[in-house]
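# Reading the structure
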Amino acid sequence: MLKIAKEKMPELLNAWAKIGKLYVPQDQDGVSNFLPWDGKGKLTLGQGNSVLPPKDLFFPRTETMYRYQRSGGALSLEEVVENEKQILVGIRSCDARSIALLDDVFLTKGYVDEFYRRRRENTLIVALACNVAQDTCFCTSFGIDPGRAEGVDIQVWEVDGSYILEAGTEKGRELLGQAPALLMEAGEGGLPEAPACNLKVDLAGVTEKLQQMFEHPFWAQICRKCLGCGLCTYLCPTCHCFDIQSENRGDSGIKFRCWDSCMFSEYTRMAGGHNPRPSKKERVRNRFLHKLQYFPERYGKFGCVGCGRCLSYCPVNMDITRIIGGIKEVDLNG
Amino acid sequence: MNTLTEKMRALARELLEKGEVKYIIGWEKGSLWYQSPPVFIDRPEDAGRLIWDEFCVNNLAKYLLDDKYLEGRVGLFVKGCDARGINRLLQDRQVERDKFYLMGIVCPGVKDPRQAAGLSIEQREEVPLAAKCLYCAHPEPVVYDVLLNEAGEAYRPKRPAGERFEDVAALEAMSPDERYEFWARQYQRCIRCYACRNVCPACNCRECIFDRSQSGWVGKRMAGSENAFYGLTRAWHVAGRCIECGECERVCPMGIPIMTLNKKIIKELNELFGEYEAGVSLEAEPPLGRYRTDDPDFS
């Protein structure tokens, strides 16, 4: 294990930023997000979760898939291949789990999404352990250890004004080797204890219960306060729906994909105008069934990581912990 | 339990028992001590869930649009800004006055749960008033059927009226290039979640242009230019109709100062068409929603 004084961290980031485009939580106009590091930003490492999850780095809000050009009678296509190296610093254990879940979606079950794969393989991930649980954190209910992230290249802990770093992969060891002058040996032990979450959910039997609840009046009740915006889906580290559209400019244009949200009416509107999810009841139901039933059925894992972003930011506090509690209380024979 | 909460529960129970309303929209306690989200109460025995505290921040007026064709009435609690939202919907011919029963609350100002995050309940007093309440000029509901408390010293506006446009003045002091850079940076962040639109009582179109991305008017691409087009279109669409409840800016997860844009337009309208406050009176028509033959541009 290696060690660096807290105030030296920007220097380490500067060194790493030469290897690839480095993203680290920074404050811009009072909002903390993973932003490209230019050596001058205001770091928010060690504070609560970023507002937007780091999924943007693998699955950008908008990405061009290919360009097209028509000249005379001929049509030419130009593929867009992103091969930029990225280094993602400061993600939390909950977000690390979310990346593992996105891997399941984009890389398994017989189809590999090349756009996601390229970004994923070109990204080194450096996780920062949590010393404090936010009020809205409930990652431990999903078996996540806030003190150690899964599948990351380097794990970092903040201890007494220093950061302790430990490589988890060969790539991580190489990255640590890039700045030998800045890092010193830390010795073993002395890692802080992972915090406990105050907020907890009991997930036992939830998926099985939901399998019998599709037509239950529960959904008509809980959807009432939902405003039908897409905030929860965009702030959710595991939501991954996208739309594919084109932008035409005369004889040329681009095909792009961008985030989409199952909370929008347009999301399920079919040609001809029919909408199989006509109201917020069906949309709210879909969102929670996706997290708590469909995801476990397909991948054997819950599609929620307990990061608490929806709890903090939903304008009307559609609280997934309460909804899970509500599901448990439903009397299927009643 | 405070007396206002007691009154709310008693009245809600009575209205539901007598069948005067089909259901009640109010606030309840959330998982955390600083969350008081909206709640829908259908049965008299559930009236005990209702609560009044400083975190009852949501404007409930917009929910009336979800049940326009209900047979019977909805009971609704309204703070000052919520009541202006009701007038907004009435003036826009979105709802009928006899379809709801308004229980007014003179509001001492509310607090934004996001500003309480991380504090303990003992630090309750340290949570600042929500930004939207600092320049509130109408803590007393402008429309109601029954008023649950009385106005007094505690309900005076928290800031002098002159400060209403101070954020606008700061932007006006910038050079055009600086201002462009400022707004470009803000809308670069926008994620097009449409929380600002969906929470806004003035955004009451049956179908929004932004839910028709195939129309070609605006791209679905989340890029600065498209995002800014969304922000500007919405700002123009609520011009002269914005009731200054500040909900758009409160709910924005990306911290975009949406109210500064709205207030800039309000300031301009005041200078061009005379002082006007949207949603305060049903008789005073929105400056951009009326047509007069003595208009200087009419000829």
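The written sequence of each chain sets the order in which its residues are numbered from 1. The order in which chains are written sets their letters, starting at A; the order in which ligands are written sets their numbers, starting at 1. At least 70 in pLDDT is required for a residue's local features to be given in this predicted model, at least 80 for side-chain atom pairs to be given and counted, and no such filter applies to totals for whole chains, interfaces and linings, which use all residues.

### Brief notes about the packing of helix α6 (residues 176-189) of chain B against helix α8 (residues 224-237) of chain B
Residues and elements named next belong to chain B. Between N-to-C directions, angles span 0 to 180 degrees; the directions come from axes that are lines fitted to C-alpha atoms, helices contributing only their stretch in contact. Helix and strand labels come from DSSP, where a helix needs a run of H or I of at least four residues and a strand needs a run of E of at least two; each type is numbered from the N terminus. In the contact formed by α6 and α8, the axes pass within 8 Å of each other and the chain directions differ by 100°. Relative to α8, α6 is oriented roughly perpendicular. Across the interface between the two elements, Trp 183, Ala 184, Tyr 187 and Gln 188 of α6 pack against Gly 224, Asn 227, Ala 228 and Gly 231 of α8. Polarity classes work like this: nonpolar for Ala, Val, Leu, Ile, Met, Phe, Trp, Tyr, Cys and Pro, charged for Asp, Glu, Lys and Arg, and polar for all others, with Gly in that last group. Of the residues belonging to the contact of α6 with α8, the class tally is 4 nonpolar, 4 polar and no charged. These descriptions rest on fixed angle ranges, namely under 35 degrees for roughly parallel, over 145 for roughly antiparallel, 65 to 115 for roughly perpendicular, and the rest for oblique. Residues are treated as contacting if the C-beta atoms built from their backbones sit within 7 Å of each other.

### Here's the deal with the domain arrangement of chain A
Many analyses report the size of an interface as the accessible area lost when the parts associate. Residue and element names in this part refer to chain A. What marks off one domain from the next here is an automatic or database domain assignment. Assigned domains of chain A: these are domain 1 (2-56 + 81-185) and domain 2 (206-246 + 260-329). Spacing between the C-alpha centres of domain 1 and domain 2 amounts to 28 Å. Counting residues at the interface gives 21 residues for domain 1, matched by 17 residues for domain 2. Partitioning the side of domain 1 that touches domain 2 into residue classes produces 12 nonpolar, 5 polar and 4 charged.

### Overview of the domain arrangement of chain B
All names here are of chain B. Considered domain by domain, chain B is made up of domain 1 (3-155) and domain 2 (163-273). The straight-line distance from the C-alpha centre of domain 1 to that of domain 2 is 26 Å. Residue-level contacts link 17 residues of domain 1 with 13 residues of domain 2. Only α2 (80-91) and α4 (131-134) provide two or more residues apiece to the side of domain 1 that touches domain 2. Among the residues forming the side of domain 1 that touches domain 2, the class breakdown is 8 nonpolar, 3 polar and 6 charged.

### So, the sheet that holds strand β5 (residues 62-71) of chain A
Sheet strands pair via backbone hydrogen bonds, and the direction of the pair is either parallel or antiparallel. Residue and element names in this part refer to chain A. Two strands form a pair only when DSSP identifies at least two bridges running between them. Strand order in this open sheet of 4 strands is β6-β5-β13-β12, and the pairing throughout is antiparallel. Because the sheet does not close on itself, it has two edges, and the strands there are β6 (74-79) and β12 (242-249). Averaged over neighbouring strand pairs, the angle between their axes works out to 20° when direction is ignored. Relative to strand β13 (residues 252-259), β12 is paired through 8 bridges, and the arrangement is antiparallel. When the sheet's bridge partners are listed, Asp 243 is paired in β13 with Cys 258.

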